Amino acid sequence: MNSEQLKQLENDLWAAADNLRANTDLKSTEYATPVLGLIFLKFADNKYSNAEAAITKEHAKLKGGRREKSISEIAIKHCGFYLPDHARYNYLLDLPEKADVAKKIKQAMEAIEEYKEELAGILPKDEYAPLTRTDKTIPAQLLKNFSNIPVDASGDVFGKIYEYFLGKFALSEGQKGGEFFTPTSVVKLMVEIIEPHQGTVYDPACGSGGMFVQSQHFVERHREKLKKLGNKHKEDQLYVYGQEKTLDTVKLAKMNLAVNGLRGEVRQANSYSENPYDGFGKFDFVMANPPFNVSDVALATVEHDPRFNTYGLPRNKSKVKKADEGKETVPNANYLWINLFATSLKDKTKDKGRAALVMANSASDARHSEADIRQTLIEENLIYGMLTLPSNMFYTVTLPATLWFFDKNKQDDKLLFIDARNIFTQIDRAHREFSEAQVQNIAIISKLHKGQRDEFIRLIDDYFAQGMQALIENQQQVQPVCEQLLEVLNDDEGKQAVEELLNQWEGLKQLQKRYNSYLEKQDEQLADAKSINAANKKQHTLRQAFDPFFKALHVGLKQLDKIVRKHEKANAEVAKKAGKRTTTDRNTKQLKTALELLHKEVKSAESNYQHIHWLQERFPKAEYEDVTGLCKLASQEEVKEQDYSLNPGRYVGVVIEEDGKTEEQFVTDIMSCHDELVYLANQALQIDQVISDNLDTLVNT
């Protein structure tokens, strides 16, 4: 299943599930858990089905002998689950209409738990009966909807579907949803920077377990990269430890771990008062998005706990009144979490001892006792870097948050500051995210700082590969579009513009040859500075070869747009003189649609080269350097001069970027926009007149 098919499947499944909210009185909080439970059930059934032949064969072979085992024991060994007949997905799907489907699903969940101890009490069971409150067929409808997940869908596919649904439910629940889900793109960025290759990962506010899932995905990508390069790799997986105060969220996390094949534990616990894993100095990596600005934590709960007081305890500015002694609370728990992260990490372990946490912006400049804690952390050289996120990235807060990064094995005493407030993709009016490329582009700054220059070269190579593949696919659609154009634009001007567009695309053949030649000469190992410098030089030369190609394509497409508009306008004038409706004819509509698609695909292919531009302009030598408005490597002395503020904006500065247009180009573009606006306004007036005439006819007949 490719990414497009998966995206379509996710959208279809969500539309079916969200139908409950649209057509019933159920809230998203009521149907989220049962829906996620059915995704889990389908996952378990698929996994069992794929191993069923081997399970049956081994059971028959051992039956009656000294080594005889129950079929459930054999099934657990092969696939991690045993599903008796009444817990199979098809059994539930084929139940008669009169059956109590909600009850049958509950019995299926109980059966799965019976044979998988770590899921005991976790799967949704009683949650299905309320779904029948307004419509008794809803459980059966949901079963049918999720039966569309292919039988051969892998655990990775299920993990992505599960994560997609978690995000959708969090978005639909707003503030409450954000409590259990951190946007995936933010988690990906955190993981890419702390690079948890192997070992233990701890999340003291784990929500639905997204940090763990993305950590495992990072490990898998890292392995694939090593295999591709022919390097040795370790098969050790991560072992995760999570805690969460809300039982329902713990259940979501445990299901998430099971669907994604993760090893570990998640327990219900309050991180302020409970320490279920005896976690002081225990973990290789720590990640979390804790609640911001909590003000009701009793001081007595944390003041003698080394997890929270090793680097100082946040206290009220004023002295406590005698009547309030023993009742004092911590003024703000942000620095309790910051303490917890620093103290949960193992001491100086190679490639480990790193942490990432999401924190309110205000913590970066907090004063009084919090400033003292921050100063201590800086002087102890625990803080690796700070990254400011764009606003509207979270469902619980609209203001920008900041990512804090710790490293107990730092190789220098400097702090890396990154301001990513202007890097985002708008997903709807109120929410933003990082695209996959934006995650990689930001994370590469940290990798360059760590001296991983080969990663920069490989990232550029990935963009070249993706861009070339997209261009080749686009070219296959150019000829059919041009044939459509010639059918409509049969005058000399139109024919010439189409011919020029085809000639421009012919230039791709030469670029493809240059790209193939580059690949043949590229050193995959990039073992030393000399090979990296040589590769970087070749990449700059190759990228420069593509620039005029895209420039010519855009000029050609704009010219065609102009001719099509001119053609449409001429047709409208003819129709007007003939007293006919001035609507766009079918051929012209199809033509405009085809042209728009061509524009879109060219931009999509070009986006890969734009990422190359972005990276090469900022890091031309394929090595870290300070970039105004983006990143700054600051010494402790510089941080001290800023009163130990950890706000990246104080260090990276601001840059005003030019659009690169000459005055003549700017005027031309403005006039082109104006022409289009006038044309559209005239079209709107004509449509208004048609509507008005039709209304008069209706009223007066």
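Here the structure is a predicted model, which is why all the values come from computation and not from measurement.

What's the story with the packing of aromatic side chains in this structure? I'm lost.
Here a ring pair, both rings aromatic, is described through the centre-centre distance and the interplanar angle of the planes. A full pass over the atoms with the stated rule returns 23 aromatic pairs. Considering the side-chain rings of Phe40 and Phe43, the 6.2 Å spacing of their centres and the 50 degrees angle between planes classify their relative orientation as tilted. Of this pair, Phe40 and Phe43 are both found in helix H2 (residues 28-62), three residues apart, which corresponds to roughly one turn of the helix. Put simply, the rings of Phe464, Trp505, Tyr515, Tyr518, Phe546, Phe549, Phe550 and Tyr609 pair up and form one aromatic cluster. The ring of Tyr89 is capped by Lys42, whose NZ or CZ atom sits 5.6 Å from the centre of that ring. A cation over a ring is seen here: Lys116 above Phe81, with NZ or CZ 4.9 Å from the ring centre.

Honestly, the pattern of salt bridges in this entry has me stumped. Any pointers?
Two side chains with opposite charge may pair up if their charged atoms get near one another. Counted by the stated rule, this structure contains 24 salt bridges. For Glu192, the salt bridge goes to Lys447, with nearest N and O atoms at 3.2 Å. Residue Glu192 is found in helix H8 (residues 184-194), and its partner Lys447 is found in helix H15 (residues 436-449); the two are separated by 255 residues along the sequence. Under the relative-accessibility criterion, Glu192 is labelled buried at 5%. A salt bridge links Lys632 to Glu638; the nearest nitrogen and oxygen atoms lie 3.3 Å apart. For Glu638, a relative accessible area of 29% puts it in the partly exposed group. Three or more residues are tied together by salt bridges with common partners; here these are Asp45, Glu52 and Arg88.

Honestly, the confidence of the model for the protein in this entry has me stumped. Any pointers?
Summarising the model, the protein shows a mean pLDDT of 85, and 89% of its residues fall at 70 or more. Helix H7 (residues 155-173) is the least confidently modelled element of the protein, averaging 65 in pLDDT, while strand E8 (residues 415-419) averages 97, the highest of any element. This stretch, residues 174-178, has a pLDDT under 50; its non-local contacts, to residues over four places away or in other chains, come to eight contacts.

Explanation requested: the pairing of strand E1 (residues 199-203) in the structure shown.
If a strand is regular, its side chains alternate between the two faces of the sheet. The buried fraction of E1 is high, at five of five residues. Pairing of E1 with strand E2 (residues 238-244), which is carried by five bridges, proceeds in the parallel orientation. Looking across to E2, one finds that Tyr202 is bridged to Tyr241. In the sheet, E1 pairs with strand E4 (residues 285-288) via two bridges, with the strands oriented parallel.

Looking at this model, I keep getting lost on H15. Mind explaining?
An α-helical segment advances 3.6 residues per turn. Residues three or four places apart therefore align on the same side. Under the 1.5 Å per step criterion, the end-to-end length of H15 is 21 Å for 14 residues, consistent within 8% with the ideal 20 Å. The buried count for H15 comes to 13 of 14 residues, which makes it a mostly enclosed element. Of the residues trailing H15, Gly451 is marked for its positive phi of about 90 degrees.

Please explain the environment of Asp100 as it appears in this structure.
Inspection of the secondary structure assignment puts Asp100 in the loop between helix H4 (89-93) and helix H5 (101-115). We classify Asp100 as partly exposed; its relative accessible area is 45%. With 29 residues separating them in the primary sequence, Asp100 and Ala129 have C-alpha atoms 9.1 Å apart.

Help me understand the environment of Lys450, please; the structure alone is not making it clear to me.
Here Lys450 shows up in the loop between H15 and helix H16 (453-488). Spatially, the C-alpha atom of Lys450 lies 8.5 Å from that of Gln411, the residues being 39 residues apart in sequence. With near-sequence residues (within four places) excluded, Lys450 lies in contact with Ile193, Glu195 and Tyr384. Polar contacts involving the side chain of Lys450 include one to the side chain of Glu195, which spans 3.2 Å.

Rules used throughout
- Residues numbered from 1 in each chain as written.
- Predicted model: local features only at pLDDT ≥ 70, side-chain atom pairs only at ≥ 80, totals over all residues.
- Heavy atoms only, no water.
- Phe/Tyr/Trp six-rings, centres within 6.5 Å; stacked < 30°, edge-to-face > 60°.
- Helix = DSSP H or I, 4+ residues; strand = E, 2+ residues; numbered from the N terminus.
- Lys NZ or Arg CZ within 6 Å of the ring centre and 35° of its normal.
- Salt bridge = Lys/Arg side-chain N within 4 Å of Asp/Glu carboxyl O.
- Buried < 20%, exposed > 50% of the residue type's maximum accessible area, 1.4 Å probe, protein only.
- pLDDT = per-residue confidence, 0-100.
- Contact = heavy atoms within 4.5 Å.
- Pairing = 2+ DSSP bridges.
- Expected span 1.5 Å × (residues − 1).
- Polar contact = N/O pair within 3.5 Å; in protein donor to acceptor, adjacent residues only side chain to side chain.

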